[in-house]
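Chain by chain, the residues:
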Amino acid sequence: MSQGQPGTQPREPGRARQPDDSGSAERDGVRLAYEVFGEGDTTVVLLPAWSIVHSRFWKAQVGYLARHHRVVTFDGRGSGRSSRPVGAAAYADTEYAADTVAVLDATGTDRAVLVSLSRGATWAVHVAAGHPERVLGVVALSPSCHFASRAPRPFPWQERVDSTEGWAKHNKHYWLDGGYDDFVDFFFSKMFPEPHSTKQIEDCVGWAHHISPETLADATAGELGLDGATATPLEPLCAEVRCPVLVVHGRQDRICSAADGERLATLTGGSLVLLDGAGHGPMARHPVRTNLLIHEFVERVRPPVVRRAWSAAPRRAKRALFLSSPIGLGHARRDLAIASELRKLHPDLEVDWLAQHPVTAVLSAAGERVHPASAYLANESSHIEHEAGEHDLHAFQAIREMDAILVHNFMVFAEVVEESHYDLVVGDEAWEVDYFLHENPELKRFAFAWMTDFVGWLPMADGGDREARLTADYNAEMIEQRARFARVRDRSVFVGNPDDVVPHDFGPGLPRIRDWMRDNFSFSGYVTGFDSDEVADRAALRRRLGYRADQRLCVVTVGGSGVGAPLLSRILDAVPLVRRQDPSLHFVVAAGPRIDPRSLPRRRGASLHGHVPHLYRHLAAADLAVVQGGLTTTMELTANQRPFVYVPLRHHFEQSFHVRHRLERYGAGRCLDYLEAADPDALAAVILEEVGREVSYRPVETDGAAVAAGLLADLL
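So, here's what we can say about the structure. Everything numeric here is computed off the predicted structure, so don't read it as measured data. (Residues numbered from 1 in each chain as written. Predicted model: local features only at pLDDT ≥ 70, side-chain atom pairs only at ≥ 80, totals over all residues. Heavy atoms only, no water.)

1. Things to note about unusual backbone geometry
Working step 1: With an omega of 10 degrees, the peptide bond between His357 and Pro358 qualifies as cis.
Working step 2: With respect to the helices, strands and loops of the structure, Pro358 is situated in the loop between β11 (350–354) and α12 (359–365).
Working step 3: The backbone phi angle of Ser118 is positive, close to 55 degrees, even though this residue is not glycine.
Working step 4: Summarising the element assignment, Ser118 is placed in the loop between β6 (112–117) and α3 (120–130).
Working step 5: Here Ser142, not a glycine, exhibits a phi torsion of approximately 45 degrees, which is positive.
Working step 6: Secondary-structure assignment places Ser142 in the loop between β7 (135–141) and α4 (172–191). (Helix = DSSP H or I, 4+ residues; strand = E, 2+ residues; numbered from the N terminus.)

Laid out in structure tokens, this is it:
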């Protein structure tokens, strides 16, 4: 019985792709929740693993595979949104295999490639042997199969033991007597032995608490053929498998020896790939390599079809691909300025942009060529907005939770540079590209330049020891990547000067950020992205923009993302209070491309706008600006010597530390805590104090774009 629910699945944050269809198959009273992604001519079914996790463990695969194939995932019995039958017999291997066939039927899938992890390999073998007409091929990642030749665990699972150390934690009584949490922590530390696996372990530990110890005990007994369950010998079934089989196993797997993978490949006549340095969870810890192996296998076994692909322009000149982070429009502004200077040095240079909204709107308005594959990128701005609270964005944690999106977007990038030749790739805080190129350096076939205006994840004070450990771990991984594969970046460019770097260290036992950067980066100076001569004459500028000479102007803006709406509302609440004392002060509120100005309260003396092209001109004309704590807007105001108040997002480490340090070095702006800004009277008082104030900031260089272009030019 199928209960499809197309289009009704709620959006889940952090996903690279939402399901196109969802529903449930029902078999013998057990409901099996499934999701369907994509519309390819070949279906890939991502099977359940052990019931300790549900189907979200495939999150780094779904987005990429669904761009090429139809993908089906389902929560195995005992996990996720599926039923939790009671008793070991309900969790026998034959039940999971029959569930797989039921999901194939419910989703209208005649034949599929089955992709499994760990215990799922056994169920894939059952289906391939018993229903050969339904299986095109099998990919088994880290197979955990109970072969007759397999060595038993040193501790029995169903008998009470005196020890609770090591694998003695894998014990029914220990789980049921209160040791389940301890076992879960132990198990996933073994599953991910690779350094810097904090996010993967954290995910799996969280998922493991979606089920009870009792359910996992039943599932384990069913797997072992205990408590009334029957275990079916696997070796005879392997001999009946006729479809192609690919086994992928990590050499450092501490859950199941790579010998299990070798045995499965031998018994099924399949091929074997051993991954150096990989543990039991390659789909999460080595997602790019895993995705490519799965896709290449599917392409080999699928029926021949005509493939669709975007067409590359004929190669006639040097070509560059720019990647601009969508978290704030400042990256696009400075990248356009750098690209313009780079074209002066290489007049025949062809530039493509791989970008997301709202960056694409800025690029299109500038007449730039946006690569058609940009449409396949998962939107990072939407995720950031979902993670934000009231003027509160824990930026470090939000990026950690964006891991599936980053994998997906890197896979799009990898295909673009595979199908079209580029001489140079410029990644402006394209975190996923820099990270996964270091993890997969064999994919680099071009000169690569990395650009950023901050380096170093820093913990917020209220994050405690945990956040300090996590940020230090992320920093340590980056440092190790650079030491191991320095050749990946042909140029590292810091958009600023050495003294703009915070005087912190990367973490306990790690180098000071500024010292490390002097050895590893070139410095371009700041890139304003506009011609300073254009806005030098403020009186003429105000006339061009239509502002009256007797009118004082306060420009309010919160950048290109949608997280600034609460601050805009607070400022608008203060407008009547300000205008009672200064009726000449007019407020221009630029909500940006992702906030609907109609959602904001209307106030006399304030005009509301969405995205304002060339906003820097209005900022240069202002008597005061009230802004969020982003670097681009604050540095534009600094360069134009305008008074401004900035309100950093709470828990946003970059705005709280990196940007604030730079502004203090320039002696620029007045920092205001959001709690004070939320009080209309206090905010009105600050605005009245600051409007029209004479300022004298440290000068901002005007040649940053040219310097940055010069650092890139020789790479062409």
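After that view, the rundown keeps rolling.
2. What to know about the pairing of strand β14 (residues 447–452)
Working step 1: With 6 of 6 residues buried, β14 lies mostly within the body of the structure.
Working step 2: Of the two faces of β14, the one holding Ala447, Ala449 and Met451 and the one holding Phe448, Trp450 and Thr452 are both buried throughout.
Working step 3: Bridge count for strand β13 (residues 424–428) against β14 is 5 bridges, and the pairing is parallel. Paired with Val426 across the two strands is Ala449, which belongs to β14.
Working step 4: You can see the chain leave β13, run along helix α16 (residues 431–439) and come back into β14, and the turn it takes is right-handed.
Working step 5: As defined by bridge partners, β14 adjoins strand β15 (residues 491–494) across 4 bridges and the pair is classed as parallel. When the sheet's bridge partners are listed, Ala449 is paired in β15 with Arg491.
Working step 6: Of the crossover connections in this fold, the one passing from β14 over helix α17 (residues 464–484) to the parallel β15 is right-handed. (Buried < 20%, exposed > 50% of the residue type's maximum accessible area, 1.4 Å probe, protein only. Pairing = 2+ DSSP bridges. Right-handed = clockwise from strand over helix to strand, strands pointing away.)

3. What to know about the sheet that holds strand β18 (residues 585–590)
Working step 1: Within the open sheet, the 6 strands sit side by side as β19-β18-β17-β20-β21-β22. Their pairing is parallel. Each having just a single partner strand, β19 (606–609) and β22 (670–671) make up the two edges of the open sheet.
Working step 2: Each of β17 (552–557), β20 (624–628) and β21 (644–647) is contacted by helix α22 (residues 631–639), which is oriented at about 155 degrees to β20, the strand it contacts most. (Contact = heavy atoms within 4.5 Å. Axes fitted to C-alpha atoms, helices over the stretch in contact; angles between N-to-C directions.)

4. A closer look at a negative patch on the surface
Working step 1: A cluster of acidic side chains, namely Asp673, Glu676, Asp679 and Asp681, defines a negative patch on the protein surface.
Working step 2: Among the structural elements, Asp679 can be located in the loop between α24 (674–677) and α25 (680–690).
Working step 3: Residue classification places Asp679 among the partly exposed residues on the basis of a relative accessible area of 35%. (Patch = residues over 30% accessible without salt bridge, like charges linked within 9 Å, V, L, I, M, F, W, Y side chains within 5 Å. Areas by Shrake-Rupley, 256 points an atom, 1.4 Å probe, with all protein chains shown as cover. Salt bridge = Lys/Arg side-chain N within 4 Å of Asp/Glu carboxyl O. Lys, Arg positive; Asp, Glu negative; His and termini not counted. Charge placed at Lys NZ, Arg CZ, Asp CG, Glu CD.)

5. What to know about the nonpolar core
Working step 1: By size, the foremost hydrophobic cluster in this structure holds 100 residues, and its most contacted members are Ile52, Phe188, Phe410 and Phe413.
Working step 2: The contact partners of Ile52, leaving out residues within four places of it in the chain, are Tyr180, Phe183, Val184, Phe187, Phe188, Trp207, Ala208, Ile211 and Leu216.
Working step 3: In this structure, Tyr526, Leu553, Leu619 and Tyr646 belong to the second largest nonpolar core, which totals 62 residues. (Core = buried A, V, L, I, M, F, W, Y, C linked by side-chain atoms within 4.5 Å.)

6. Some thoughts on the packing of α4 against helix α5 (residues 198–208)
Working step 1: Following both chains from N to C, one finds α4 and α5 inclined at 145 degrees, their axes separated by 9 Å at the closest point. Along this stretch, α4 crosses α5, giving a crossing that reads as right-handed. Taking contact as the criterion, the partners of Tyr180, Val184, Asp185, Phe188 and Ser189 in α4 are, on α5, Ile201, Cys204, Val205 and Ala208.
Working step 2: Per-class residue counts for the contact of α4 with α5 are 7 nonpolar, 1 polar and 1 charged. (Left-handed = near helix turned anticlockwise from the far one by under 90°. Nonpolar A, V, L, I, M, F, W, Y, C, P; charged D, E, K, R; others polar.)

By themselves, these observations are geometric and do not establish any function.
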